[in-house]
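Okay, here's what each chain looks like letter by letter:
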Amino acid sequence: MSAQILSGTEVARAVKATVAEDIKELKSNGIDVGLATVLVGDDPASHVYVGYKHKDAEAVGMRSIDVKLPEDASQADVLAAVDELNGRSDVTGMIVQLPLPDGLDGEAAVERVLPTKDADGLHPFNLGRMILGLPGPLPATPSGVMTILDYYDIETAGKTAVVVGRSFLVGKPMALLLGAKGVDATVIQAHSRTPDLAAVCATADILVTAIGQPGLVDASFIKPGAVVIDVGTTRTDDGLRGDVVFDEVAEIAGAITPVPGGVGPMTRASLLTNTIGLARASL
Ligand code: NAP
(Lines give C-alpha, C1' and ligand atoms only; values in the text may rest on other atoms or scores of the structure.)
Protein backbone atom coordinates (compact mmCIF):
# COMPACT_ATOMS: atom_id res chain seq x y z
CA MET A 1 0.00 0.00 0.00
CA SER A 2 1.38 3.41 -0.90
CA ALA A 3 -1.41 5.76 0.22
CA GLN A 4 -1.25 7.78 3.42
CA ILE A 5 -4.03 6.70 5.80
CA LEU A 6 -6.22 9.61 6.87
CA SER A 7 -7.34 8.49 10.31
CA GLY A 8 -10.62 10.01 11.40
CA THR A 9 -10.09 8.36 14.76
CA GLU A 10 -6.89 10.35 15.25
CA VAL A 11 -8.42 13.63 14.08
CA ALA A 12 -11.51 13.10 16.24
CA ARG A 13 -9.25 12.57 19.27
CA ALA A 14 -7.63 15.96 18.65
CA VAL A 15 -11.02 17.65 18.12
CA LYS A 16 -12.40 16.14 21.33
CA ALA A 17 -9.41 17.39 23.34
CA THR A 18 -10.19 20.93 22.13
CA VAL A 19 -13.90 20.49 22.87
CA ALA A 20 -13.10 19.36 26.43
CA GLU A 21 -11.13 22.60 26.97
CA ASP A 22 -13.97 24.64 25.44
CA ILE A 23 -16.45 23.06 27.83
CA LYS A 24 -14.33 24.00 30.83
CA GLU A 25 -14.08 27.57 29.58
CA LEU A 26 -17.84 27.82 28.92
CA LYS A 27 -18.59 26.39 32.37
CA SER A 28 -16.42 29.11 33.91
CA ASN A 29 -18.63 31.62 32.05
CA GLY A 30 -21.77 30.03 33.50
CA ILE A 31 -22.73 28.09 30.37
CA ASP A 32 -23.55 24.45 30.99
CA VAL A 33 -23.35 22.78 27.56
CA GLY A 34 -26.00 20.10 27.02
CA LEU A 35 -26.62 17.94 23.95
CA ALA A 36 -30.00 16.20 23.61
CA THR A 37 -30.85 13.33 21.28
CA VAL A 38 -34.31 12.25 20.17
CA LEU A 39 -34.42 8.62 19.10
CA VAL A 40 -37.65 7.07 17.83
CA GLY A 41 -38.22 3.33 17.48
CA ASP A 42 -36.15 0.16 17.59
CA ASP A 43 -33.69 0.43 14.68
CA PRO A 44 -30.55 -1.28 16.08
CA ALA A 45 -28.10 0.86 14.03
CA SER A 46 -29.73 4.09 15.25
CA HIS A 47 -29.48 2.86 18.86
CA VAL A 48 -25.77 2.15 18.34
CA TYR A 49 -25.14 5.61 16.78
CA VAL A 50 -27.01 7.45 19.52
CA GLY A 51 -25.18 5.41 22.17
CA TYR A 52 -21.84 6.55 20.67
CA LYS A 53 -22.98 10.18 20.71
CA HIS A 54 -23.72 9.99 24.44
CA LYS A 55 -20.40 8.25 25.10
CA ASP A 56 -18.57 11.00 23.17
CA ALA A 57 -20.40 13.70 25.11
CA GLU A 58 -19.55 12.05 28.41
CA ALA A 59 -15.88 11.70 27.40
CA VAL A 60 -15.52 15.47 26.87
CA GLY A 61 -17.50 16.47 29.95
CA MET A 62 -20.62 17.53 28.05
CA ARG A 63 -23.99 16.78 29.61
CA SER A 64 -26.23 14.70 27.38
CA ILE A 65 -29.98 14.20 27.50
CA ASP A 66 -31.36 11.00 26.03
CA VAL A 67 -35.00 11.07 24.87
CA LYS A 68 -36.35 7.79 23.49
CA LEU A 69 -39.79 7.35 21.95
CA PRO A 70 -41.45 4.03 21.06
CA GLU A 71 -41.72 2.64 17.51
CA ASP A 72 -45.43 3.53 17.44
CA ALA A 73 -44.87 7.19 18.39
CA SER A 74 -46.91 9.60 16.28
CA GLN A 75 -45.58 12.63 14.42
CA ALA A 76 -47.24 14.78 17.11
CA ASP A 77 -45.34 12.86 19.83
CA VAL A 78 -42.03 13.51 18.05
CA LEU A 79 -42.76 17.21 17.56
CA ALA A 80 -43.86 17.52 21.20
CA ALA A 81 -40.55 15.97 22.35
CA VAL A 82 -38.61 18.43 20.18
CA ASP A 83 -40.70 21.35 21.48
CA GLU A 84 -40.02 20.32 25.06
CA LEU A 85 -36.25 20.25 24.42
CA ASN A 86 -36.40 23.56 22.52
CA GLY A 87 -37.83 25.13 25.67
CA ARG A 88 -35.22 23.75 28.07
CA SER A 89 -32.39 26.12 29.03
CA ASP A 90 -30.13 23.17 29.89
CA VAL A 91 -30.28 21.95 26.26
CA THR A 92 -27.91 24.01 24.11
CA GLY A 93 -27.88 21.59 21.17
CA MET A 94 -30.14 18.82 19.92
CA ILE A 95 -30.37 16.19 17.21
CA VAL A 96 -33.24 14.08 15.92
CA GLN A 97 -31.72 10.73 14.93
CA LEU A 98 -32.66 9.93 11.31
CA PRO A 99 -34.19 8.01 9.72
CA LEU A 100 -37.45 8.02 11.67
CA PRO A 101 -39.66 4.90 11.46
CA ASP A 102 -41.87 4.56 8.36
CA GLY A 103 -44.80 6.94 8.33
CA LEU A 104 -43.02 9.71 10.24
CA ASP A 105 -41.66 12.85 8.59
CA GLY A 106 -37.99 13.27 9.52
CA GLU A 107 -37.57 16.55 7.66
CA ALA A 108 -40.48 18.11 9.55
CA ALA A 109 -38.95 16.96 12.84
CA VAL A 110 -35.56 18.48 11.92
CA GLU A 111 -37.30 21.72 10.94
CA ARG A 112 -39.01 21.83 14.34
CA VAL A 113 -35.62 22.03 16.11
CA LEU A 114 -34.82 25.67 16.85
CA PRO A 115 -32.04 26.76 14.44
CA THR A 116 -30.17 28.01 17.53
CA LYS A 117 -30.13 24.44 18.90
CA ASP A 118 -29.52 22.61 15.60
CA ALA A 119 -26.45 20.52 16.47
CA ASP A 120 -26.66 18.53 13.20
CA GLY A 121 -26.57 21.70 11.09
CA LEU A 122 -29.44 20.35 9.00
CA HIS A 123 -32.17 22.93 9.68
CA PRO A 124 -33.09 24.74 6.42
CA PHE A 125 -32.21 28.06 8.12
CA ASN A 126 -28.67 26.87 8.81
CA LEU A 127 -28.33 25.22 5.38
CA GLY A 128 -29.29 28.61 3.93
CA ARG A 129 -26.66 30.36 6.04
CA MET A 130 -24.08 27.86 4.79
CA ILE A 131 -24.98 28.70 1.17
CA LEU A 132 -24.57 32.39 2.02
CA GLY A 133 -21.18 31.68 3.63
CA LEU A 134 -22.45 32.91 7.03
CA PRO A 135 -21.36 31.35 10.34
CA GLY A 136 -23.49 28.64 11.91
CA PRO A 137 -23.54 24.92 12.52
CA LEU A 138 -22.52 22.91 9.44
CA PRO A 139 -23.88 19.49 8.46
CA ALA A 140 -21.83 17.16 10.63
CA THR A 141 -20.49 14.67 8.06
CA PRO A 142 -19.23 17.11 5.39
CA SER A 143 -17.89 19.35 8.12
CA GLY A 144 -15.99 16.35 9.50
CA VAL A 145 -14.51 15.69 6.05
CA MET A 146 -13.32 19.31 5.85
CA THR A 147 -11.67 18.92 9.26
CA ILE A 148 -9.81 15.80 8.04
CA LEU A 149 -8.53 17.70 4.97
CA ASP A 150 -7.44 20.58 7.17
CA TYR A 151 -5.75 18.37 9.81
CA TYR A 152 -3.66 16.59 7.16
CA ASP A 153 -2.83 19.87 5.34
CA ILE A 154 -4.43 18.70 2.11
CA GLU A 155 -4.41 21.46 -0.48
CA THR A 156 -7.85 22.16 -1.94
CA ALA A 157 -7.38 25.44 -3.82
CA GLY A 158 -7.24 24.90 -7.55
CA LYS A 159 -7.86 21.16 -7.21
CA THR A 160 -10.61 19.26 -8.96
CA ALA A 161 -12.96 17.64 -6.44
CA VAL A 162 -15.57 15.08 -7.44
CA VAL A 163 -18.35 14.37 -4.93
CA VAL A 164 -20.43 11.29 -5.69
CA GLY A 165 -23.83 11.64 -4.05
CA ARG A 166 -26.25 14.56 -3.78
CA SER A 167 -28.22 13.99 -0.58
CA PHE A 168 -28.99 16.99 1.64
CA LEU A 169 -27.24 15.11 4.46
CA VAL A 170 -23.87 14.59 2.77
CA GLY A 171 -23.37 15.11 -0.97
CA LYS A 172 -24.90 18.55 -1.53
CA PRO A 173 -23.35 20.30 1.47
CA MET A 174 -20.04 18.51 0.78
CA ALA A 175 -19.90 20.00 -2.73
CA LEU A 176 -20.77 23.47 -1.38
CA LEU A 177 -18.07 23.35 1.28
CA LEU A 178 -15.38 22.19 -1.16
CA GLY A 179 -16.31 24.95 -3.60
CA ALA A 180 -16.61 27.69 -0.96
CA LYS A 181 -14.48 30.83 -1.12
CA GLY A 182 -11.22 30.14 0.65
CA VAL A 183 -11.43 26.40 0.00
CA ASP A 184 -11.56 26.98 -3.74
CA ALA A 185 -11.77 23.51 -5.22
CA THR A 186 -13.46 23.16 -8.59
CA VAL A 187 -16.32 20.81 -7.82
CA ILE A 188 -18.13 18.21 -9.92
CA GLN A 189 -21.21 16.68 -8.31
CA ALA A 190 -21.92 13.17 -9.58
CA HIS A 191 -24.90 10.92 -8.84
CA SER A 192 -26.69 7.80 -10.05
CA ARG A 193 -27.52 9.38 -13.44
CA THR A 194 -23.94 10.43 -14.18
CA PRO A 195 -22.73 8.67 -17.35
CA ASP A 196 -19.36 6.91 -17.11
CA LEU A 197 -18.92 7.55 -13.41
CA ALA A 198 -15.47 5.93 -13.35
CA ALA A 199 -14.12 8.35 -15.96
CA VAL A 200 -15.58 11.36 -14.12
CA CYS A 201 -14.10 10.20 -10.82
CA ALA A 202 -10.73 9.62 -12.47
CA THR A 203 -10.48 13.40 -13.07
CA ALA A 204 -10.55 14.04 -9.30
CA ASP A 205 -7.61 15.25 -7.25
CA ILE A 206 -10.00 14.86 -4.31
CA LEU A 207 -12.69 12.19 -4.57
CA VAL A 208 -15.48 12.02 -1.98
CA THR A 209 -17.84 9.06 -2.26
CA ALA A 210 -21.16 9.26 -0.38
CA ILE A 211 -23.10 6.54 -2.16
CA GLY A 212 -23.86 3.57 0.06
CA GLN A 213 -22.86 0.86 -2.46
CA PRO A 214 -20.05 -1.24 -0.99
CA GLY A 215 -17.14 -1.76 -3.34
CA LEU A 216 -18.53 0.32 -6.22
CA VAL A 217 -15.40 2.49 -6.42
CA ASP A 218 -12.43 0.44 -7.58
CA ALA A 219 -8.99 1.31 -8.93
CA SER A 220 -10.42 2.32 -12.33
CA PHE A 221 -12.08 5.36 -10.62
CA ILE A 222 -8.83 6.73 -9.22
CA LYS A 223 -6.36 9.26 -10.57
CA PRO A 224 -2.88 8.29 -9.33
CA GLY A 225 -2.06 10.27 -6.17
CA ALA A 226 -5.67 11.37 -5.54
CA VAL A 227 -7.06 11.96 -2.06
CA VAL A 228 -9.94 9.52 -1.53
CA ILE A 229 -12.55 10.16 1.16
CA ASP A 230 -14.95 7.26 1.62
CA VAL A 231 -18.10 8.46 3.39
CA GLY A 232 -20.11 5.36 2.52
CA THR A 233 -20.99 2.96 5.30
CA THR A 234 -23.04 -0.15 4.64
CA ARG A 235 -23.59 -2.90 7.19
CA THR A 236 -22.85 -6.27 5.57
CA ASP A 237 -22.29 -9.81 6.85
CA ASP A 238 -18.57 -8.96 6.70
CA GLY A 239 -19.01 -5.87 8.89
CA LEU A 240 -19.11 -2.19 7.98
CA ARG A 241 -18.07 -1.55 4.36
CA GLY A 242 -17.29 1.66 2.53
CA ASP A 243 -17.97 2.52 -1.13
CA VAL A 244 -14.30 2.07 -2.00
CA VAL A 245 -12.35 -1.16 -2.59
CA PHE A 246 -9.79 -0.14 -0.01
CA ASP A 247 -6.82 -2.45 -0.72
CA GLU A 248 -6.90 -1.90 -4.48
CA VAL A 249 -7.43 1.88 -4.30
CA ALA A 250 -4.81 2.36 -1.58
CA GLU A 251 -2.19 1.13 -4.10
CA ILE A 252 -2.92 4.08 -6.41
CA ALA A 253 -4.27 6.90 -4.23
CA GLY A 254 -2.05 9.42 -2.46
CA ALA A 255 -4.20 9.36 0.68
CA ILE A 256 -7.33 7.50 1.76
CA THR A 257 -9.78 7.25 4.66
CA PRO A 258 -10.48 3.76 5.99
CA VAL A 259 -13.92 2.35 6.86
CA PRO A 260 -14.35 2.09 9.78
CA GLY A 261 -12.14 4.72 11.44
CA GLY A 262 -12.38 7.38 8.72
CA VAL A 263 -15.30 9.76 8.31
CA GLY A 264 -17.57 8.10 10.92
CA PRO A 265 -15.71 9.32 14.03
CA MET A 266 -15.52 12.79 12.48
CA THR A 267 -19.29 13.02 12.02
CA ARG A 268 -19.63 12.53 15.75
CA ALA A 269 -16.81 14.96 16.52
CA SER A 270 -18.53 17.64 14.39
CA LEU A 271 -21.67 17.20 16.44
CA LEU A 272 -19.67 18.16 19.52
CA THR A 273 -18.06 21.19 17.84
CA ASN A 274 -21.44 22.34 16.54
CA THR A 275 -22.84 22.07 20.07
CA ILE A 276 -19.97 24.20 21.39
CA GLY A 277 -20.54 26.78 18.63
CA LEU A 278 -24.26 26.98 19.48
CA ALA A 279 -23.48 27.37 23.18
CA ARG A 280 -21.02 30.19 22.42
CA ALA A 281 -23.55 31.90 20.16
CA SER A 282 -26.05 31.83 23.06
CA LEU A 283 -23.69 33.88 25.29
P1 NAP B 1 -28.54 8.70 0.07
O2 NAP B 1 -29.47 9.77 0.51
O3 NAP B 1 -29.08 7.34 -0.23
O4 NAP B 1 -27.75 9.24 -1.21
C5 NAP B 1 -26.92 8.42 -1.95
C6 NAP B 1 -26.43 9.17 -3.15
O7 NAP B 1 -25.62 8.27 -3.92
C8 NAP B 1 -27.56 9.67 -4.07
O9 NAP B 1 -27.30 11.00 -4.44
C10 NAP B 1 -27.51 8.72 -5.26
O11 NAP B 1 -27.81 9.33 -6.50
C12 NAP B 1 -26.05 8.32 -5.28
N13 NAP B 1 -25.89 7.01 -5.87
C14 NAP B 1 -26.54 5.86 -5.57
N15 NAP B 1 -26.12 4.86 -6.36
C16 NAP B 1 -25.21 5.38 -7.20
C17 NAP B 1 -24.44 4.85 -8.26
N18 NAP B 1 -24.50 3.56 -8.61
N19 NAP B 1 -23.61 5.67 -8.92
C20 NAP B 1 -23.53 6.98 -8.57
N21 NAP B 1 -24.24 7.54 -7.57
C22 NAP B 1 -25.06 6.75 -6.88
O23 NAP B 1 -27.41 8.45 1.16
P24 NAP B 1 -26.64 9.49 2.13
O25 NAP B 1 -27.47 9.75 3.33
O26 NAP B 1 -26.10 10.62 1.34
O27 NAP B 1 -25.44 8.55 2.58
C28 NAP B 1 -24.53 8.04 1.63
C29 NAP B 1 -23.64 7.00 2.31
O30 NAP B 1 -22.90 7.63 3.35
C31 NAP B 1 -24.39 5.85 3.00
O32 NAP B 1 -23.63 4.69 2.91
C33 NAP B 1 -24.48 6.31 4.43
O34 NAP B 1 -24.62 5.23 5.32
C35 NAP B 1 -23.14 6.97 4.57
N36 NAP B 1 -23.05 7.95 5.64
C37 NAP B 1 -21.98 7.85 6.43
C38 NAP B 1 -21.80 8.79 7.43
C39 NAP B 1 -20.60 8.68 8.28
O40 NAP B 1 -20.56 9.30 9.32
N41 NAP B 1 -19.58 7.92 7.86
C42 NAP B 1 -22.74 9.79 7.63
C43 NAP B 1 -23.83 9.89 6.77
C44 NAP B 1 -23.97 8.96 5.76
P45 NAP B 1 -29.30 9.88 -6.84
O46 NAP B 1 -29.42 11.19 -6.13
O47 NAP B 1 -29.27 10.02 -8.31
O48 NAP B 1 -30.25 8.86 -6.33
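Residues numbered from 1 in each chain as written. Predicted model: local features only at pLDDT ≥ 70, side-chain atom pairs only at ≥ 80, totals over all residues. Heavy atoms only, no water.

1. Concerning a negative patch on the surface
Link 1 in the chain: Negative charge collects at one region of the surface, where Asp42, Asp43, Glu71, Asp72, Asp77 and Asp102 lie side by side.
Link 2 in the chain: With respect to the helices and strands, Asp102 occurs in the loop between strand E4 (93-96) and helix H4 (106-112). (Patch = residues over 30% accessible without salt bridge, like charges linked within 9 Å, V, L, I, M, F, W, Y side chains within 5 Å. Areas by Shrake-Rupley, 256 points an atom, 1.4 Å probe, with all protein chains shown as cover. Salt bridge = Lys/Arg side-chain N within 4 Å of Asp/Glu carboxyl O. Lys, Arg positive; Asp, Glu negative; His and termini not counted. Charge placed at Lys NZ, Arg CZ, Asp CG, Glu CD. Helix = DSSP H or I, 4+ residues; strand = E, 2+ residues; numbered from the N terminus.)

2. A word on the site of the ligand
Link 1 in the chain: Arg166, Ser167, Ser192, Thr233 and Thr267 are the nearest of the 20 residues found near the ligand.
Link 2 in the chain: Thr233 places a main-chain nitrogen or oxygen 3.0 Å from an oxygen atom of the ligand.
Link 3 in the chain: The protein chains hide 70% of the 930 Å² of surface that the ligand would expose on its own.
Link 4 in the chain: Of the residues that constitute the shell around the ligand, the class distribution is eight nonpolar, eleven polar and one charged. (Near = heavy atom within 4 Å. Polar contact = N/O pair within 3.5 Å; in protein donor to acceptor, adjacent residues only side chain to side chain. Nonpolar A, V, L, I, M, F, W, Y, C, P; charged D, E, K, R; others polar.)

3. Remarks on unusual backbone geometry
Link 1 in the chain: In this model, Leu98 is joined to Pro99 through a cis peptide bond whose omega is 0 degrees.
Link 2 in the chain: Mapped onto the secondary structure, Pro99 falls in the loop between E4 and H4.
Link 3 in the chain: Cis geometry is adopted by the peptide bond preceding Pro260, which originates at Val259 and carries an omega value of 0 degrees.
Link 4 in the chain: Within the secondary structure layout, Pro260 lies in the loop between strand E11 (255-256) and helix H10 (263-281).
Link 5 in the chain: Of note, the phi angle at Asp184 is positive, near 65 degrees, even though the residue is not glycine.

4. Thoughts on the sheet that holds strand E6 (residues 186-190)
Each strand in a sheet pairs with another by means of backbone hydrogen bonds, the pair being arranged parallel or else antiparallel.
Link 1 in the chain: Taken in spatial order, the six strands of this open sheet run E1-E11-E8-E7-E5-E6, and their pairing is parallel. The two strands at the open ends of the sheet, each matched to only one other strand, are strand E1 (4-5) and E6.
Link 2 in the chain: Contacts from helix H7 (residues 171-179) reach strand E5 (160-164), E6 and strand E7 (206-209) within the one sheet, and its direction differs from that of E6 by about 170 degrees. (Pairing = 2+ DSSP bridges. Contact = heavy atoms within 4.5 Å. Axes fitted to C-alpha atoms, helices over the stretch in contact; angles between N-to-C directions.)

5. Focus on the pairing of E4
Across a regular strand the side chains alternate sides, sitting on one face of the sheet and then on the other.
Link 1 in the chain: Here E4 shows two buried faces, one formed by Gly93 and Ile95 and the other by Met94 and Val96.
Link 2 in the chain: Bridge count between strand E2 (residues 34-40) and E4: four bridges; the pairing is parallel. If you follow Val38 over to E4, its bridge partner there is Val96. (Buried < 20%, exposed > 50% of the residue type's maximum accessible area, 1.4 Å probe, protein only.)

6. Section: the pattern of salt bridges
Link 1 in the chain: If you walk through the whole model with that rule in mind, you get eleven salt bridges.
Link 2 in the chain: With a closest N to O distance of 3.2 Å, Lys16 and Asp56 form a salt bridge. Remark: Asp56 occurs in helix H2 (residues 44-59) and Lys16 occurs in helix H1 (residues 8-28); sequence separation between them is 40 residues.
Link 3 in the chain: Taking the relative accessible area as the measure of exposure, Lys16 reaches 22% and is therefore partly exposed.
Link 4 in the chain: Relative accessible area serves as the criterion here: at 5%, Asp56 is assigned to the buried category.
Link 5 in the chain: Between Asp66 and Lys68 there is a salt bridge, with its nearest N and O atoms 2.7 Å apart.
Link 6 in the chain: Since its relative accessible area comes to 47%, Lys68 is described here as partly exposed.
Link 7 in the chain: A cluster of three or more residues bridged by salt bridges with shared partners is formed by Asp32, Arg63, Arg88 and Asp90.

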